[in-house]
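Results of the structural survey
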Amino acid sequence: MKAAVLGTSGYTGQLLIRFLLEHPDVTEIVPVSSSQAGEKLAGMDPGLGSSGLEKVKTTGQTCVTIEQAKTMKPDVVFAALPHQKSGEVCGQFLETSVIIDLSADFRFRDAAVFTKAYGAAPPRPDLLDRAVFGLCEWHTAAIKHADLIANPGCYVTSALLPLLPLVKEKLIKEKIIVNSFSGISGAGKKTEVKYLYCERTENAGAYSPGTQHRHCAEIQAELDGAVKGSQVFFLPHLAPMKRGIASTIAMELKKAMHRDEIIALYKKYYGGKPFVGIREKGQPETGDVWGSNRCDIGFHIEGENLFLFSVLDNLVKGASGQAIQNMNLRFGLGETAGLRRHGEF
Ligand SMILES: NC(=O)c1ccc[n+]([C@@H]2O[C@H](COP(=O)([O-])OP(=O)(O)OC[C@H]3O[C@@H](n4cnc5c(N)ncnc54)[C@H](OP(=O)(O)O)[C@@H]3O)[C@@H](O)[C@H]2O)c1
């Protein structure tokens, strides 16, 4: 199987290349880069080492342009580009390849919702109907037949996986408060002052609170798609760490529940799912899932007040890992192929 990665030099693109190199069913990799076409892949990512790059032989182990990649007709194209650019470019591959887009460009069915959240119209409104939201545990059947998969955002995955079982069962009164803490790599490889080491180390705080953040719209749209009636307030924070998302979610339930009922509910929805871990005791931490494709969920209940805790690696289950999981589902490969259930510490 031949896979291309657009945006190879970015964080998620770089990680996609590493996953594909280890993937048992991928035989050929086409690294695509606008800024580094013609450069050796191992030069761009020295961490790859000097051997084990046989899968990149078609391009001479160098990065190619988008135009060159089109002539190579990959089976699957991962688009790891900024929003607006991503949809415009990967849409061009749709006649020959399955697209898995890591940007927000195909995540909303409704172009007006995208425009409101992103301040500009989506680049390919004509393709929104064809896109499937790639939250693997919830849209498995549709992903298996999709040619255009919109990989969900990292914050969004950390909120939706714990919330959807409760929303589906209509257990939440209305208001949901999602407090999320993100590692700095969540912003991509940017050189803005606010992302400099001296600005971010020993420093944490909230930004774009309430319903202002773009990802709030994505969380709300997906919850409404399951069952209407909830109202999400999203409080994102930047935390002084490189990778990871920790979300602490607070809500009032329609009735008091016992902890055994909560455990049974999560087992009903996620029992047998390889990449969702349910903590029956204690709260999960980002370090528990670093480098793995897992999202771990814990909870604390006091009468009708329920608090959920979810953690994931923003670059893995929050981006490149879930993208590989989507490829596995779409092409009928083992769901866990090329992915790690256990991370590093
Ligand atoms: N970082 C995360 O945790 C995360 C999580 C979920 C989703 N995402 C989404 O995944 C996408 C990639 O994120 P990232 O964190 O990997 O970003 P990044 O580190 O900033 O990399 C993006 C890459 O896109 C290419 N690029 C940048 N500007 C471009 C332009 N104007 N035209 C064409 N190509 C351009 C560059 O690669 P080349 O020069 O090599 O082409 C760049 O390295 C984004 O849409 C982001 O929102 C990121």
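Note: the structure precedes this text.
First, a word on scope: everything that follows refers to the structure included in this document. (Residues numbered from 1 in each chain as written. Predicted model: local features only at pLDDT ≥ 70, side-chain atom pairs only at ≥ 80, totals over all residues. Heavy atoms only, no water.)

Attention now goes to the sheet that holds strand E12 (residues 295-302). One key point about sheets: their strands pair by backbone hydrogen bonds, in either a parallel or an antiparallel sense. Across the sheet, seven strands lie side by side as E8-E9-E7-E10-E13-E12-E11; this open sheet has mixed pairing. Pairing within the sheet leaves two strands with one partner each, and these edge strands are strand E8 (205-206) and strand E11 (276-278). Here seven bridges tie E12 to strand E13 (residues 305-312), and the two strands are oriented antiparallel to one another. The partner of Ile301 across the bridge, within E13, is Leu306. Those strands touched by helix H9 (residues 214-226) are strand E7 (172-182) and strand E9 (231-238), and its axis lies near 145° from that of E9. The sheet strands contacting helix H10 (residues 259-270) are E11, E12 and E13, and the helix crosses E12 at an angle near 155°. (Pairing = 2+ DSSP bridges. Helix = DSSP H or I, 4+ residues; strand = E, 2+ residues; numbered from the N terminus. Contact = heavy atoms within 4.5 Å. Axes fitted to C-alpha atoms, helices over the stretch in contact; angles between N-to-C directions.)

Put simply, helix H7 (residues 154-168) and H9 touch, their axes get as near as 10 Å, and they point 25° apart. The angle between H7 and H9 falls in the class roughly parallel. Our pair here, H7 against H9, has a crossing hand that is right-handed. Counted together, Tyr155, Val156, Ala159, Leu160, Leu163, Leu164, Val167 and Lys168 of H7 and His215, Glu218, Ile219, Glu222, Leu223 and Ala226 of H9 form the full contact between these two elements. Considered class by class, the residues forming the contact of H7 with H9 number ten nonpolar, one polar and three charged. (Parallel < 35°, antiparallel > 145°, perpendicular 65-115°, else oblique. Left-handed = near helix turned anticlockwise from the far one by under 90°. Nonpolar A, V, L, I, M, F, W, Y, C, P; charged D, E, K, R; others polar.)

Before going further, it helps to examine the pairing of strand E10 (residues 245-253). In E10, alternate side chains face the same way, and those of Ile245, Ser247, Ile249, Met251 and Leu253 are buried while those of Ala246, Thr248, Ala250 and Glu252 on the opposite face are not. Two strands pair when backbone bridges link them, and E7 and E10 are joined in this way by eight bridges, in the antiparallel orientation. Its bridge partner lying in E10, Val178 is registered against Ile249. Two elements, E10 and E13, share eight bridges in a ladder whose sense is antiparallel. Bridge pairing in E13 links Ser247 to Ser310. (Buried < 20%, exposed > 50% of the residue type's maximum accessible area, 1.4 Å probe, protein only.)

The next point concerns the side chain of Arg243. By the element assignment, Arg243 lies in the loop between E9 and E10. Here Asp313 takes part through its side chain, which lies 2.8 Å from a polar atom of the side chain of Arg243. With near-sequence residues (within four places) excluded, Arg243 lies in contact with Leu15, Gly183, Ser185, Trp290, Gly291, Asp313, Asn314, Leu315 and Val316. (Polar contact = N/O pair within 3.5 Å; in protein donor to acceptor, adjacent residues only side chain to side chain.)

Another point: the side chain of His215. Take His215: it is sitting in helix H9. Residues contacting His215, with those up to four places away along its chain left out, are Arg107, Tyr118, Tyr155, Val156 and Phe234.

Turning our eyes to something else, we now look at the packing of aromatic side chains. This model, assessed by the stated rule, comprises six aromatic pairs. When the centroid spacing of 6.3 Å and the interplanar angle of 85° are considered together, the rings of Trp138 and Tyr270 count as edge-to-face. Here Trp138 is found in the loop between strand E5 (131-133) and helix H6 (140-143), whereas its partner Tyr270 is found in helix H10, with 132 residues between them in sequence. Measuring from centroid to centroid gives 5.0 Å for Tyr155 and Phe234, while their planes differ by 80°, and the two rings are edge-to-face. Placement of Tyr155 in helix H7 and of Phe234 in strand E9 is noted, with a sequence separation of 79 residues between them. For the residue pair Tyr155 and Phe234, the accessibility class agrees, reading buried in each case. Taken together, Trp138, Tyr266, Tyr269 and Tyr270 form an aromatic cluster joined through their ring pairs. In this structure, Arg243 packs its charged tip against the face of Trp290, placed 4.5 Å from the ring centre. If you follow Arg330 out to its NZ or CZ, it ends over the ring of Phe331, 5.2 Å from the centre. (Phe/Tyr/Trp six-rings, centres within 6.5 Å; stacked < 30°, edge-to-face > 60°. Lys NZ or Arg CZ within 6 Å of the ring centre and 35° of its normal.)

Okay, the site of the ligand next. Around the ligand, the surrounding shell holds 26 residues, and the nearest of these are Ser9, Thr12, Ser33, Ser35 and Leu81. At 2.7 Å from an oxygen atom of the ligand is found a side-chain nitrogen or oxygen belonging to Ser9. Take Gly10: an N or O atom from its main chain is 3.1 Å from an oxygen atom of the ligand. Considering the ligand on its own, with 890 Å² of exposed area, one finds that the protein chains cover 78% of that surface. Structurally, the ligand is housed in the largest pocket. Secondary-structure elements contributing two or more residues to the shell around the ligand are helix H1 (11-22) and helix H11 (316-330). (Near = heavy atom within 4 Å. Areas by Shrake-Rupley, 256 points an atom, 1.4 Å probe, with all protein chains shown as cover. 1 Å grid on protein atoms, 1.4 Å probe; cavity = no way out; pocket = protein on both sides within 12 Å on 5 of 7 lines; lining within 4 Å. Sits in = over half its atoms within 2 Å of the grid points.)

Our next topic: the layout of surface pockets. As a volume, the largest pocket reaches approximately 1300 Å³. What lines the largest pocket is a set of 45 residues, among which Pro82, Gly186, Ala187, Gly188 and Lys190 lie closest to the centre. Sorting the residues of the lining of the largest pocket by element identifies H1, H7, H9 and H11 as the ones contributing at least two each. By residue class, the composition of the lining of the largest pocket is 18 nonpolar, 20 polar and seven charged. Roughly 700 Å³ of internal volume is contained in the second largest pocket. Lining the second largest pocket are 28 residues, and of these Gln14, Leu15, Arg18, Arg243 and Leu315 lie nearest its centre. By residue number, the principal contributor to the lining of the second largest pocket is H1, which donates seven residues. A per-class count over the lining of the second largest pocket returns twelve nonpolar, eight polar and eight charged. (Points joined across faces, edges and corners; volume = space filled by probe spheres on them.)

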